[in-house]
Amino acid sequence: MLNFNNEFQSDAELAPARTYSSTATWSAPSSGPTAPSTEFAVCVLNAGPVTGLSGRYKSRLEFVGYTVSESGNLSTASLTENTVFYDGPAQEVQAKEIAIAIDGIAVERPATFTRCAGQIVVAVVE
């Protein structure tokens, strides 16, 4: 295969140096700019078919420094991806950090969703 300098190289030489895993790696930052925002408590709810999902995500989020006040199940068929619900601009930054950590999205909480009031809600489906 030709590289950018029009020299022939094997696929192994052109391959990136890093490898990727199918499982997420969680590390606990201790301080500095990589430490998570932890002002608001987090409520983790299993909105998917996998038993024990909320407990696993609760442990992961606590490991990286979040305070998880509750975990349990959420009966809904409307969520198809991990979703972080937040209440207004004050919670938005922390919610988006969590969404990145769980490979999900962050959206403002609908007024009709009253469970875990005042907290950031992490609804996991996978």
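Placed above this text is the structure.
Throughout, a residue's number is its position along its own chain's written sequence, starting from 1. Local features are withheld for residues below a pLDDT of 70 in this predicted model, meaning they are given only at 70 or higher, and side-chain atom pairs are given and counted only at 80 or more; totals for whole chains, interfaces and linings count all residues. By convention in this description, side-chain values take in all heavy atoms of the structure and omit both hydrogens and water.

Student: I'd like a description of the pattern of salt bridges, backed by residues and values.
Tutor: Counted as salt bridges are all cases of a side-chain nitrogen of Lys or Arg within 4 Å of a carboxyl oxygen of Asp or Glu. Considering all chains together, one arrives at four salt bridges under this definition. A salt bridge links Lys-58 to Glu-62; the nearest nitrogen and oxygen atoms lie 2.9 Å apart. Of this pair, Lys-58 and Glu-62 both sit in helix H2 (residues 53–63), four residues apart, which is roughly one turn of that helix. Given a relative accessible area of 34%, Glu-62 falls into the partly exposed group. For Arg-115, the salt bridge is made with Glu-70, and the minimal N-O distance between the two is 3.3 Å. With Arg-115 in the loop between strand S4 (105–108) and strand S5 (120–124) and Glu-70 in strand S2 (residues 68–73), this pair connects stretches of sequence that are 45 residues apart. A run of H or I in DSSP counts as a helix once it spans at least four residues, and a run of E counts as a strand once it spans at least two, with each numbered from the N terminus. Each residue's exposure class comes from its accessible area (1.4 Å probe, protein chains only) as a fraction of the maximum for that residue type: buried when under 20%, exposed when over 50%, partly exposed otherwise.

Student: So what's going on with the side chain of Thr-83? Which residues, and what values?
Tutor: One can find Thr-83 in strand S3 (residues 83–86). For Thr-83, a relative accessible area of 4% translates into the label buried. The criterion used for residue contact is that any of the two residues' heavy atoms lie within 4.5 Å. Among residues more than four places away in sequence, those in contact with Thr-83 are Ile-105, Val-107, Val-121, Val-122 and Ala-123.

Student: Which residues make up unusual backbone geometry, and what values go with them?
Tutor: Within the chain, Asp-103 stands out as a residue other than glycine whose phi angle is a positive 55°. Positioned with a positive phi, Cys-116 is a non-glycine residue whose angle comes to about 60°. Its place among the elements puts Cys-116 in the loop between S4 and S5. Since its relative accessible area comes to 8%, Cys-116 is described here as buried.

Student: Outline the packing of aromatic side chains, supporting the account with residue identities and numerical values.
Tutor: Planes of paired rings set the category: under 30 degrees apart is stacked, over 60 is edge-to-face and the rest tilted, where pairs are Phe, Tyr or Trp rings (Trp by its six-membered ring) whose centres lie within 6.5 Å. Using the criterion set out here, one finds one aromatic pair in the structure. With a centroid separation of 5.2 Å and an interplanar angle of 80°, the aromatic rings of Phe-85 and Phe-113 are classed as edge-to-face. Taken together, the residues span a long stretch of sequence, with Phe-85 in strand S3 and Phe-113 in the loop between S4 and S5 at a distance of 28 residues. Lysine and arginine charges are scored as sitting over a ring when NZ or CZ, respectively, is within 6 Å of the ring centre and within 35 degrees of the ring normal. A cation over an aromatic ring shows up here: Arg-60 above the ring of Tyr-57, its NZ or CZ 5.3 Å from the ring centre. Its end group placed over the ring of Phe-113, Arg-109 keeps NZ or CZ at 5.4 Å from the ring centre.

Student: Kindly report on H2, identifying the contributing residues and their values.
Tutor: Looking at H2, one finds that the buried residues are Leu-53, Ser-54, Tyr-57 and Leu-61. The buried residues of H2 occupy one face: seen down the axis, they fall within an arc of 90°. Contact partners of the buried residues in H2: strand S1 (42–46), S2, helix H3 (89–101) and S5. Gly-65 sits one or two positions beyond H2 and adopts a positive phi of about 115°. As used here, the arc belongs to the directions running from the helix axis to the C-beta atoms.

All quantities given are derived from atomic positions and should not be read as evidence of function.
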